[in-house]
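Close look at the chain arrangement
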Amino acid sequence: MPTTTRPPGAAPLVIVTDHLILRDFVAGDFEAMLAYQTDPRYLQYYARDRRDRVTEQARQLLQGFIAAQAQHPRTKYQLAMTLREDGRLIGNVGVRRESVEATEGEMGCEVAPDYWNRGYATEATRAMLNFGFDTLGLHRISATTMAPNTGAWRVLEKLGMKREGELRETTRLEHGWANSLVYGILEHEWRAHG
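The structure contained in this document is the topic of the report that follows.

Parameters and conventions
Residues numbered from 1 in each chain as written. Predicted model: local features only at pLDDT ≥ 70, side-chain atom pairs only at ≥ 80, totals over all residues. Heavy atoms only, no water. Helix = DSSP H or I, 4+ residues; strand = E, 2+ residues; numbered from the N terminus. Rg over C-alpha atoms; globule rule 2.2 N^0.38 Å. Buried < 20%, exposed > 50% of the residue type's maximum accessible area, 1.4 Å probe, protein only. Contact = heavy atoms within 4.5 Å. Areas by Shrake-Rupley, 256 points an atom, 1.4 Å probe, with all protein chains shown as cover. Phe/Tyr/Trp six-rings, centres within 6.5 Å; stacked < 30°, edge-to-face > 60°. Lys NZ or Arg CZ within 6 Å of the ring centre and 35° of its normal. Axes fitted to C-alpha atoms, helices over the stretch in contact; angles between N-to-C directions. Parallel < 35°, antiparallel > 145°, perpendicular 65-115°, else oblique. Left-handed = near helix turned anticlockwise from the far one by under 90°. Nonpolar A, V, L, I, M, F, W, Y, C, P; charged D, E, K, R; others polar. Salt bridge = Lys/Arg side-chain N within 4 Å of Asp/Glu carboxyl O.

1. Topic: the overall build of the protein chain
For the protein chain, the helix and strand inventory stands at 6 helices and 9 strands. Relative to a compact globule of 194 residues, whose C-alpha radius of gyration would be 16 Å, the protein chain shows 16 Å and is just as compact. C-alpha atoms of the protein chain, sized along the principal axes, occupy 40 × 40 × 30 Å. For the protein chain, the proportion of its 194 residues judged to be buried stands at 46%. Taking the intrachain contacts of the protein chain between residues at least 6 apart in sequence as the baseline, contacts between residues at least 24 apart amount to 60%. Here the protein chain displays about 9900 Å² of accessible surface, and carbon together with sulfur accounts for 49% of that area.

Spelled out as structure tokens, the structure:
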């Protein structure tokens, strides 16, 4: 069972799972983040035009993650996913809500391709669902992924999230247009899923 070592709003936030430490980002995470975000295997699930701007977009993402930590009250929790054994950054995972009063959150997860199919995305996403429901008191959490990214939507389904819809041709990938899949789970469904 993941443990949160700091209450929401206090920095740094750290969530420890069996194999991972999910923690607030720091400026020194940029090179590791850029390394996986420039990997062609990672980029296959992102808009084609992103490839030209990946370095600047990675820098802006990291700055946004760090800036969100200073919000008071905090509404965005995008955490660095690091290996518990050596602290290596292998991705990120998070849950965001529009306001402190919001009862719905949106989550996202990305893992460096060298660490795909090892259960890390499932472990990190499970921890963030727990955080969203237990700590933030959310009623519903949703996630959106590209239809071709079977690994991502299989993780969501494994964790009990239901496919709620499919949006047609939302993103132009390297080999054409792709649909987006929308998933959601309610707190009572999460509790029942165990």
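2. Quick word on the packing of aromatic side chains
Inspection of the entire model under this criterion finds 7 aromatic pairs. For the ring pair Y42 and Y46, a centre distance of 4.7 Å and an interplane angle of 25° mean the geometry is stacked. Since its relative accessible area comes to 24%, Y46 is described here as partly exposed. Between the aromatic rings of Y45 and W116, the centroid separation amounts to 6.4 Å while the plane-to-plane angle is 45°, which identifies the pairing as tilted. With Y45 in the loop between helix 2 (40–43) and helix 3 (54–69) and W116 in the loop between strand 6 (104–111) and helix 4 (120–135), this residue pair connects regions lying 71 residues apart in the sequence. Residue classification places Y45 among the buried positions, given a relative accessible area of 18%. Using a relative accessible area of 30% as the deciding quantity, one classes W116 as partly exposed. Taken together, the ring pairs in this structure connect Y36, Y42 and Y46 into an aromatic cluster. The lysine or arginine in question, R59, covers the ring of F30, its NZ or CZ lying 4.5 Å from the ring centre. The lysine or arginine in question, R154, covers the ring of W153, its NZ or CZ lying 5.6 Å from the ring centre.

3. Digging into the packing of helix 1 (residues 30–37) against helix 3
At a closest axis distance of 10 Å, the pairing of helix 1 and helix 3 adopts a crossing angle of 135°. Here helix 1 lies oblique to helix 3, going by the angle between them. The two elements helix 1 and helix 3 meet at a crossing, and its hand is right-handed. For the pair helix 1 and helix 3, the contacting residues are F30, M33, L34 and Q37 in the first and V54, T55, A58, R59, L61, L62 and F65 in the second. Split into classes, the residues belonging to the contact of helix 1 with helix 3 amount to 8 nonpolar, 2 polar and 1 charged.

4. Overview of unusual backbone geometry
A cis amide bond links H72 to the next residue, P73, at an omega of 0°. Along the chain, P73 falls in the loop between helix 3 and strand 4 (76–83). The backbone of N117 shows a phi angle near 60°, a positive value even though the residue is not glycine. Look at N117 and you get exposed, because its relative accessible area is 82%.

5. Quick look at the environment of M81
Turning to its location among the elements, M81 is positioned in strand 4. Assessed through its relative accessible area of 0%, M81 is described here as buried. The spatial distance from the C-alpha of M81 to the C-alpha of I15 is 9.6 Å, given a sequence separation of 66 residues.

6. Quick look at the pattern of salt bridges
Counted by the stated rule, this structure contains 11 salt bridges. When the shortest N-O distance is used, the salt bridge between R163 and E157 registers 3.7 Å. Put simply, R191 and E187 hold a salt bridge, and the shortest N to O gap is 3.1 Å. Placement of both R191 and E187 in helix 6 (residues 187–193) is noted, with a separation of 4 residues, approximately one turn of the helix. Classification of R191 by relative accessible area gives partly exposed; the value is 40%. One connected set of salt bridges, linked through shared partners, spans D39, R41 and D114.

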